[in-house]
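# Architecture and fold: a report
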Amino acid sequence: MRLSIPQSLLAEHLQAVAKAVPGKSAVSVLEGILLESNGESLTITATNLELGIRTSFSAAHEEPGKVVLPSKFIEIIRRLPGESVQICVHEENFLTEIKSGQSEFQLYGLSAEEFPVFPEATPDQIQFRFQVDAGSLKRALKQTLFAVSHDEGKPAFTGVLFTFRENTLFLASSDTFRLATTSCSIRFTGEEGSILVPAKNLQEVVRIFGEDEKMIEGVVVQNQLLLTCGEKKVASRLLDENFPNVERVIPKEFTGQASVDVVPFLQAVERASLLSEGLNHIVRISIGDGTMVIRAASKYGKIQETVAMQFEGDGLEISLNTRFVIDMLKVCEGDQCILKLTGPNKPCILKDSIHEEYLYLVLPIKA
Amino acid sequence: MRQIIHVDMNAFYASCHQVTNPAWRGKPILVAGDPRKRHGIILTASYEARRCGVKTGIPVWQARRLCPQGIFVPPDHRLYQDFSAQILELLKGYTPLVEPYSIDEAWLDVTGSGRLFGSAQEIGRDLQKRIGSELGIPCSVGISANKFLAKMASERNKPCGFTELFPRDVPEKLWPLPVGEMVGVGRKLSPALTEMGVDTIGRLASLPVQLLVSRFGVIGEALHHLAHGRDDSPVDPTAMETVKSVGHSITLPKDINNPEDVARVLLDLSERVGRRLRQGCNLARTVTLTVKDQNFVSATRSRTLPEPTGLTEVIYQTTVGVYRQCFEPWRKIRLLGVSVSNLIPDDAGYQLSLWDNSGEKLISLSKTVDGIRDRYGDSALLRARLYNSKEKRGKLDGPVPETDGDLV
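Residues numbered from 1 in each chain as written. Chains lettered and ligands numbered in written order. Predicted model: local features only at pLDDT ≥ 70, side-chain atom pairs only at ≥ 80, totals over all residues. Heavy atoms only, no water.

## With respect to the overall build of chain A
- Each helix and strand counted, chain A has 6 helices and 26 strands in total.
- Within the span of chain A, comprising 367 residues, buried residues form 55% of the whole.
- Looking at chain A alone, contacts between residues at least 24 apart form 65% of all its contacts between residues at least 6 apart.
- Element-wise, carbon and sulfur atoms account for 48% of the exposed surface of chain A, whose accessible area totals about 17,100 Å². (Helix = DSSP H or I, 4+ residues; strand = E, 2+ residues; numbered from the N terminus. Buried < 20%, exposed > 50% of the residue type's maximum accessible area, 1.4 Å probe, protein only. Contact = heavy atoms within 4.5 Å. Areas by Shrake-Rupley, 256 points an atom, 1.4 Å probe, with all protein chains shown as cover.)

## Quick notes on a nonpolar patch on the surface
- Nonpolar side chains collect at one region of the surface, where Ile372, Tyr376 and Leu381 of chain B lie side by side and expose about 270 Å² of accessible area between them.
- Look at tyrosine 376 of chain B and you get exposed, because its relative accessible area is 56%. (Patch = residues over 30% accessible without salt bridge, like charges linked within 9 Å, V, L, I, M, F, W, Y side chains within 5 Å. Salt bridge = Lys/Arg side-chain N within 4 Å of Asp/Glu carboxyl O.)

## As for the sheet that holds strand S11 (residues 159-165) of chain A
Residues and elements named next belong to chain A.
- The strand order S14-S11-S12-S13-S25-S24-S23-S18-S21-S20-S19-S22 describes an open sheet built from 12 strands, whose pairing is antiparallel. Among the strands making up the open sheet, the edge pair consists of strand S14 (193-198) and strand S22 (316-321). Direction aside, neighbouring strands of the sheet carry axes that sit 25 degrees apart on average.
- The pairing of strand S23 (residues 336-341) with strand S24 (residues 348-352) spans 5 bridges and is antiparallel. Opposite isoleucine 338, over in S24, you have lysine 351 as the bridge partner.
- Helix H4 (residues 199-208) contacts S11 and S14 of the sheet and is inclined by roughly 85 degrees relative to S14.
- Contacts from helix H5 (residues 262-273) reach strand S18 (256-261), strand S19 (282-287), strand S20 (291-298), strand S21 (301-313) and S23 within the one sheet, and its direction differs from that of S21 by about 150 degrees. (Pairing = 2+ DSSP bridges. Axes fitted to C-alpha atoms, helices over the stretch in contact; angles between N-to-C directions.)

## Here's the deal with the interface of chain A and chain B
- Chain A puts 24 residues into the contact, and the matching count from chain B is 15 residues.
- A per-residue breakdown of the area chain A buries against chain B is headed by Phe177, Leu279 and Lys366 of chain A, which together make up 35% of the total.
- Summed over the shared surface of chain A and chain B, the number is 1 salt bridge.
- Of the charged contacts in the structure, one is a salt bridge between lysine 154 of chain A and glutamate 307 of chain B, with a shortest N-O distance of 3.8 Å.
- The interface formed by chain A and chain B contains 5 residue pairs in polar contact (both at pLDDT 80 or more).
- Mapped onto the side of chain A that touches chain B, the elements with two or more residues apiece are strand S13 (178-185) and strand S26 (365-366) of chain A. (Buried area = accessible area lost by both parts, 1.4 Å probe. Polar contact = N/O pair within 3.5 Å; in protein donor to acceptor, adjacent residues only side chain to side chain.)

## Some remarks on the nonpolar core
Residues and elements named next belong to chain A.
- Ranked by internal contacts, the top residues of the largest apolar core, which has 64 residues, are Leu10, Phe73, Phe162 and Phe164.
- Aside from chain neighbours lying at most four places away, what touches phenylalanine 162 is Leu141, Leu169, Phe170, Leu171, Gly193, Ser194, Ile195, Val197, Leu202 and Leu225.
- Counting 41 residues, the second largest nonpolar core, distinct from the first, contains Phe265, Val307, Leu320 and Val331. (Core = buried A, V, L, I, M, F, W, Y, C linked by side-chain atoms within 4.5 Å.)

## Description of the packing of helix H11 (residues 209-216) of chain B against helix H12 (residues 218-227) of chain B
All names here are of chain B.
- One way to put it is that H11 packs onto H12 with a least axis distance of 6 Å and a crossing angle of 145 degrees. The crossing of H11 and H12 is right-handed. Counted together, Val209, Leu212, Val213 and Phe216 of H11 and Val218, Ile219, Gly220, Glu221, Leu223 and His224 of H12 form the full contact between these two elements.
- Partitioned by chemical class, the residues of the contact of H11 with H12 number 7 nonpolar, 2 polar and 1 charged. (Left-handed = near helix turned anticlockwise from the far one by under 90°. Nonpolar A, V, L, I, M, F, W, Y, C, P; charged D, E, K, R; others polar.)

## Some points on the packing of aromatic side chains
Residue and element names in this part refer to chain B.
- Evaluated as defined, the whole model comprises 15 aromatic pairs over all chains.
- Note on tyrosine 323 and phenylalanine 327: the rings are 6.1 Å apart at their centroids and 20 degrees apart in plane angle, and the pair reads as stacked. Like tyrosine 323, the residue phenylalanine 327 is buried in the burial classification.
- Sitting above the plane of the phenylalanine 72 ring, arginine 64 keeps its charged end 4.4 Å from the centroid.
- Here the basic side chain of arginine 125 rests over the ring of phenylalanine 162, its NZ or CZ set 3.7 Å away from the ring centre. (Phe/Tyr/Trp six-rings, centres within 6.5 Å; stacked < 30°, edge-to-face > 60°. Lys NZ or Arg CZ within 6 Å of the ring centre and 35° of its normal.)

## Observations regarding the side chain of threonine 288 of chain B
All names here are of chain B.
- Tracing the backbone through its elements, the reader meets threonine 288 in strand S10 (residues 282-293).
- Overall, the relative accessible area of 11% leaves threonine 288 in the buried class.
- Separated by 2.9 Å, the side chains of threonine 288 and serine 302 make a polar contact.

## Observations regarding unusual backbone geometry
- Cis geometry marks the peptide bond from lysine 158 of chain B to proline 159 of chain B; its omega dihedral reads -10 degrees.
- The residue proline 159 of chain B is located in the loop between helix H7 (147-156) and strand S8 (162-164) in this model.
- One non-glycine residue, asparagine 167 of chain A, lies in the positive phi region at around 60 degrees.
- Following the sequence through the fold, asparagine 167 of chain A ends up in the loop between S11 and strand S12 (168-174).
- Assessed through its relative accessible area of 38%, asparagine 167 of chain A is described here as partly exposed.
- Even without being a glycine, glutamine 222 of chain A presents a positive backbone phi close to 45 degrees.
- Among the secondary structure elements, glutamine 222 of chain A is positioned in the loop between strand S15 (215-221) and strand S16 (224-229).

## Observations regarding the sheet that holds strand S5 (residues 98-102) of chain B
Residues and elements named next belong to chain B.
- Taken in spatial order, the 5 strands make up an open sheet running S5-S6-S1-S7-S8, and their pairing is mixed. Both edges of this open sheet fall to S5 and S8, since each of them pairs with a single strand only. With direction set aside, neighbouring strand axes in the sheet form an average angle of 15 degrees.
- Relative to strand S6 (residues 105-109), S5 runs antiparallel, the two sharing 4 bridges. Looking across to S6, one finds that valine 98 is bridged to leucine 108.
- Along the sheet, helix H6 (residues 120-135) contacts strand S1 (4-9), S6, strand S7 (139-144) and S8; its crossing angle with S7, the most-contacted strand, is approximately 170 degrees.

## Description of the environment of leucine 193 of chain B
All names here are of chain B.
- Checked against the element boundaries, leucine 193 lands in helix H9 (residues 189-195).
- Separated by 11 residues in sequence, leucine 193 and leucine 204 place their C-alpha atoms 8.2 Å apart.
- For leucine 193, the residues in contact, after removing those within four places along its chain, are Val179, Val185, Val198, Leu204, Leu212 and Phe216.

## Re the side chain of asparagine 282 of chain B
Residues and elements named next belong to chain B.
- Along the chain, asparagine 282 turns up in strand S10.
- Judged by relative accessible area, which is 15%, asparagine 282 ranks as buried.
- Beyond its immediate sequence surroundings of up to four residues, asparagine 282 is in contact with Leu277, Leu343, Ile344, Pro345 and Asp346.

## A closer look at the pattern of salt bridges
- One pass over the full model with this rule turns up 38 salt bridges over all chains.
- Between arginine 237 of chain A and glutamate 50 of chain A there is a salt bridge; the shortest N-O distance is 2.7 Å. In this pair, arginine 237 of chain A is assigned in strand S17 (residues 232-237) and glutamate 50 of chain A in the loop between strand S3 (41-47) and strand S4 (51-58), connecting sequence segments 187 residues apart.
- Several salt bridges share partner residues, and in doing so they unite Asp8, Glu105, Lys151, Glu155 and Lys158 of chain B into one network.

These figures capture arrangement, not role.
Listed below in structure tokens is the structure:
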């Protein structure tokens, strides 16, 4: 393999795959990055078997070939002095020479034979196939990802549930104390069905698929979700766990509904969180006519804030975890947040005024 | 300069028995566990018994040989606690700044008591006399300007000693003492210091502080200051109340390795630990299991939970998990201990959950069970699994120390 490419272009693509390289693996070849060139384009792949990321881009080649390079390659390329990089791999021993400006590296490469095969969508194995625009999917992921659990003891809740229905993708996530559900329109026809995708892999999807409005092509094959957006591909293993029924826990009747400006509400809760320490970061919210009173207390002192709001229904006082409230208000895109209440020790629903499809349910803290 | 008094009851357990049973006064009393339950060591010996060479911690059979006329008494912790509480009340008559250090020791800061009760020396004499006459318990008193020197002083003369040890006396009185007698130097530090060629407290004081820090870390620096007689820790009346861990251990009547038996003992211990944890209104994040096997090899393994708990069930499940994971099933076990640490106050309320309400139910169940036990006693309700009429439940060794024991 022999090629010459701009340093910044290579560095950018390497950064995209970096998160999929395992820090330490029982299989040493996995700790590396696969480079494949076919004469016209260069493909870079990394995988930790849970998450695979592949990116390719056109690069002028003199000689095609394959090699697995240690993950240090990412950092090496990032720090190279010159504008272009020349890479030359000796096919007999995979010794790789990297030249840029005044700098010359020799890296001990490995054979690409051992590197795991990147999941491909063979037509007869496809369970679901859909198209979604990158912006919509990223918005839906941002609305749900923060609500997942980080407790490995509850594996089902470390993922986001994707449910495919005709032309709609429903997303749901929960850590059992709160639940976020949203949807986005997709191009999808076929049998309705669900998959559970590890949240940490979806974080990478949000990171890698840029702000562009490109279409993402999605395929579910066996236990993998494959997402392709232009030259980048992400393959995530699916969780083989049962996610509980979401519909059942969402209340349909409410005792009160409040509407409050997002910014003052968020700022008030953030200030209250300065004193709401301890296990549950408790903040007490009293909702009555025209105002919402937010209180928190700790051994350091107390805080009380009053926020104006519109309210209909029975007033009440509810204790919530400040972090849970802040998480949601931060992804609120509308000016207003709508609170739907069902009682002091019962679920409370927060909604974003401009996203009717987005629902965030929080369970209170029982004193 | 502060005025600190340290009061240390002499042969406390034995003294309590001699007070309640006049026939035992002036006789060698040996408080000891039951050898049949393998608790057969001397917990305390009265001074009459000590004259025969009996020391705390020796086995009962050896004590019998040394002191054949001795009266062997099983421990009665209620009695000791009762006396301890009365002594504490008496001490609080001189100052509110009384810090109990264990069941039979306390510090008093009498710096501000001078106008009412006189100098530290006068107060010391007075309380020693009163504890002796009103309660019948002999005690040693140490007087100094800080807690460390006051305790070192009271240790010097037993029984019924009255010792002053002020910072100016340090080179003359403190430095010649063997380093092992220094408060804060225990079984672990003492050999380590000896290895460094430190035999007396004076030798320790002469070492550069950097050397001690590099060898012992923060404790090294504390040792350096103590050896110079410097200690600015306040007399803290709440020190015993701020619980850092809760634990129980049991020496089993016979060695066991049947998983079911082990699990049952762990459940019993977890139940006691859980109850005390909840009584203190705390939740715990870390669960620790201690196992001593038939060869007296002991090991301690901990696990930190994702969410703090106050539930017996969670403590129990965790200890069983740790036991299965960390201890070979063929090892015959002599002692089991369960403790919880990393405590946080349980005033935070309970975060409700969407799907898993077992926690909430267990919490309300625990509250009900605790309520019944508060009212009708701990034996009012018993888990069926722990109910076994034939096999008498083993007696506890007593609580594992609740606070970090060392002065440093």
